[in-house]
Amino acid sequence: MSKLYRINMNLGTSQKEFSHTNMTVQTIGHFIVTSNSWNLPIKEILKEEGVSFVDVSKNDLKNKSLYRTSKIRLPRNKLDLLKTELGLSVTRSMDKCDYIVTSESFITDAVTNSWGKFLTLDDVEKLFASNAFKSMIPDHVSIPFTQLLPDDGVFELNFDHSWGHSMQNEINSMQNLVREIDSRDRYTWYVKENMYKDYKAITSCGNLVKDSRIVELCNSNLHVLSEEEFKSFNTIFKESSSDDDKSMALEMMANCNLDKCLDKVTFLYYMHYETLRCCKNWNHINVKTLRKALIDPRYSDDVSIHYEKLSKFLIEKNMFSEFIVKEILALIVNQGIRRFGFNQGMFELDPQDIKISEKYKSAIVKNESGENIIDTILAGDILSGSDNLLF
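I will try to describe carefully the structure that is included in this document. Because the structure is predicted, anything quoted here is derived from the model rather than measured.

The rules behind the values
Each chain has its residues counted from 1, following the order in which its sequence is written. Given that this is a predicted model, residues contribute local features only at a pLDDT of at least 70 and side-chain atom pairs are listed and counted only at 80 or more, while totals for whole chains, interfaces and linings are drawn from all residues. Computation of side-chain values: all heavy atoms of the structure, hydrogens and water removed. Per the convention used, a helix needs a DSSP run of H or I reaching at least four residues, while a strand needs a run of E reaching at least two, with both numbered from the N terminus. Shrake-Rupley sampling with a 1.4 Å probe provides the accessible areas, and residues are treated as covered by the protein chains on show and by no other component. Pairs were defined over the aromatic rings of Phe, Tyr and Trp, the Trp ring being its six-membered one, requiring ring centres within 6.5 Å. Orientation was assigned from the angle between planes: stacked under 30 degrees, edge-to-face over 60, tilted for the rest. Partly exposed describes any residue whose relative accessible area lies between the buried limit of under 20% and the exposed limit of over 50%, with all areas from a 1.4 Å probe on protein chains only and scaled to the type maximum. Criterion for a charge above a ring: Arg CZ or Lys NZ at most 6 Å from the ring centre, at most 35 degrees from the ring normal. By definition, two strands form a pair when at least two bridges between them are found by DSSP. By definition, a salt bridge exists where a carboxyl oxygen of Asp or Glu is found within 4 Å of a side-chain nitrogen of Lys or Arg. When we speak of the arc, we mean the arc of directions from the helix axis to the C-beta atoms. By definition, residues are in contact when any of their heavy atoms lie within 4.5 Å. Comment: axis = line fitted to C-alpha atoms, over the contacting stretch for helices; angle = value between 0 and 180 degrees taken between N-to-C directions. A patch consists of residues exposed above 30% relative accessible area that lack any salt bridge, with like charges linked at up to 9 Å and nonpolar side chains (Val, Leu, Ile, Met, Phe, Trp, Tyr) linked at up to 5 Å. Positive charge is attributed to Lys and Arg, negative charge to Asp and Glu, and no charge count is given to His or to the chain ends. By convention, the point assigned to a charge is CZ for Arg, NZ for Lys, CD for Glu and CG for Asp.

Examining the overall build of the protein chain
Stage number 1. Of the regular secondary structure elements, the protein chain holds 18 helices and ten strands.
Stage number 2. By element, 47% of the accessible surface of the protein chain is carried by carbon and sulfur atoms, the whole surface being about 21200 Å².

Topic: the packing of aromatic side chains
Stage number 1. Per the stated rule, a full pass over the model turns up nine aromatic pairs.
Stage number 2. When the ring of phenylalanine 133 is compared with that of phenylalanine 159, the centres are 6.4 Å apart and the planes differ by 65°; the resulting orientation is edge-to-face. A residue pair is termed long-range when its members are at least 10 positions apart, and phenylalanine 133 in helix α6 (residues 131-134) and phenylalanine 159 in strand β8 (residues 153-161) qualify at 26 residues.
Stage number 3. Looking at phenylalanine 133, the relative accessible area reads 0%, which means it is buried.
Stage number 4. When the centroid spacing of 6.1 Å and the interplanar angle of 10° are considered together, the rings of tyrosine 269 and tryptophan 282 count as stacked. Of this pair, tyrosine 269 sits in helix α13 (residues 258-271) while tryptophan 282 sits in the loop between α14 (273-276) and α15 (285-293), placing them 13 residues apart in sequence. An identical accessibility class is assigned to tyrosine 269 and tryptophan 282; each is buried.
Stage number 5. Grouped by ring-pair contacts, the aromatic residues Phe128, Phe133, Phe145 and Phe159 constitute a single cluster.
Stage number 6. Lying over the aromatic face of phenylalanine 53, lysine 210 brings its terminal NZ or CZ to 5.3 Å of the ring centre.

Some thoughts on the pairing of strand β3 (residues 65-68)
Stage number 1. Here β3 shows a buried face lined by Ser65 and Tyr67 and a second buried face lined by Leu66 and Arg68.
Stage number 2. Summarising the sheet, β3 and strand β4 (residues 89-90) pair through two bridges and their orientation is parallel. The residue of β4 that forms the bridge with serine 65 is serine 89.
Stage number 3. Bridge count between β3 and strand β5 (residues 99-102): three bridges; the pairing is parallel. Looking across to β5, one finds that arginine 68 is bridged to valine 101.

Digging into the pattern of salt bridges
Stage number 1. By the definition in use, this model includes 13 salt bridges.
Stage number 2. Aspartate 80 is paired through a salt bridge with lysine 83; the nearest N and O atoms lie 3.7 Å apart. One end of the pair, aspartate 80, and the other, lysine 83, are both in helix α3 (residues 76-86), three residues apart, so they sit about a helical turn from each other.
Stage number 3. As a salt-bridge pair, glutamate 216 and arginine 213 come within 2.9 Å of each other at their nearest N and O atoms. With glutamate 216 and arginine 213 both in helix α10 (residues 211-219) and three residues apart, this pair spans about one turn of that helix.
Stage number 4. By relative accessible area, glutamate 216 is classed as partly exposed at 34%.
Stage number 5. Linked through salt bridges whose partners overlap, the residues forming this network are Asp55, Arg213 and Glu216.

Digging into the environment of valine 111
Stage number 1. In this structure, valine 111 sits in strand β6 (residues 111-114).
Stage number 2. Overall, the relative accessible area of 10% leaves valine 111 in the buried class.

Side note on α15
Stage number 1. Here α15 has its buried residues at Asn286, Val287 and Leu290. In a view along the axis of α15, the buried residues occupy a sector of 95°, so they form one face of it. Exposed residues pointing more than 90 degrees away from the buried face of α15 are listed as Ile285 and Lys292.
Stage number 2. The secondary structure elements touched by the buried residues of α15 are α3, α12 (243-254) and α13.

Quick notes on the side chain of asparagine 281
Stage number 1. Here asparagine 281 shows up in the loop between α14 and α15.
Stage number 2. What asparagine 281 contacts, discounting residues up to four positions off in sequence, is Ser247, Leu250, Glu251 and Val287.

Digging into the sheet that holds β4
Whether parallel or antiparallel, the strands of a sheet pair through hydrogen bonds between backbone atoms.
Stage number 1. Taken in spatial order, the four strands make up an open sheet running β4-β3-β5-β10, and their pairing is parallel. Pairing within the sheet leaves two strands with one partner each, and these edge strands are β4 and β10 (208-210).
Stage number 2. The pairing of β5 with β10 spans three bridges and is classified as parallel. Bridge pairing in β10 places valine 101 opposite valine 209.
Stage number 3. The strands touched by α10 are β5 and β10; relative to β10, the strand with the most contacts, the crossing angle is about 60°.

Concerning a positive patch on the surface
Stage number 1. Positive charge collects at one region of the surface, where Arg73, Lys288, Lys292 and Lys317 lie side by side.
Stage number 2. One can find lysine 317 in the loop between α16 (304-316) and α17 (322-340).
Stage number 3. Its relative accessible area of 42% is what places lysine 317 among the partly exposed residues.

It is worth stressing that arrangement in space is one thing and function is another; only the former is reported here.
As structure tokens, this is what we get:
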């Protein structure tokens, strides 16, 4: 992995050329890959770095030891259940463990990007030898400077000068020469220098396990929220005056098998957020862990983007179930009735009058019961439609 350096070239207000005292070299990181996108997917970075995760089962973890990195979502109380079941232990020594539990965010936090042009040492030497550069960097400065540069990395030139400098035209010419080396707009992805040691120590290991996989195994024996319980909790959050009932329902949500009922829990959390955040156990460890796994609403419930955000989150998690589709559409209809007075006179609003765009149809996950709730309850093909919006 090549190192990335930044050549800082400072030009004072009254200076006409660069000198030794205002040209420095700064190590900024270690090169990974260049990309046309500023938002490179984590899987591309992991692929480029050759990072892989072990897909462990419970049998693999029997009587084994784990090392946990920082920035992981693995509740201690849930892990304790797995430790008891499998004879699993946790160690503080990465060298002595069987598996290292980490997260993609732990890895990507060490990675950043730059839109600056990174050049080879040969490119830098050719630039310094050009007439545009020579006009501001004389040979007695440029030649010794380039000879001191490391030859195993790539370089970014950073021109630092005051706005409206008297040598602005010459500086512009220098910057244009740098751009002409590669006219394409590319982002350079690299590991930050101050995080490289920890990053390399983790990514070079062959026994990495995602924290999400351990959470799945922790959840495997936990309760799965039923449709009846969902409806009961929904009623409690909307109508109950008992703080204890609301806190109990929230606690059950935080201790259920989230992998199997993410759709129901997310809906309850999202739609009753303002109620739940007032519960007395809002800051308990289990609930705080749940909060990290879900999304908070940021929009009013009388705008479509409020429901789109929830739906797209569930689509991303492959948990956009028929059951929750029905609940979302019914809620939208009820909101319409309440907001605009439909079904109270001349105008009527029915669930079959609202549709989901065709492009989202394939994202709907069939209920495990096999019941076609969309067709039987909403009485019509609500999945048809050609508009570009989700609702």
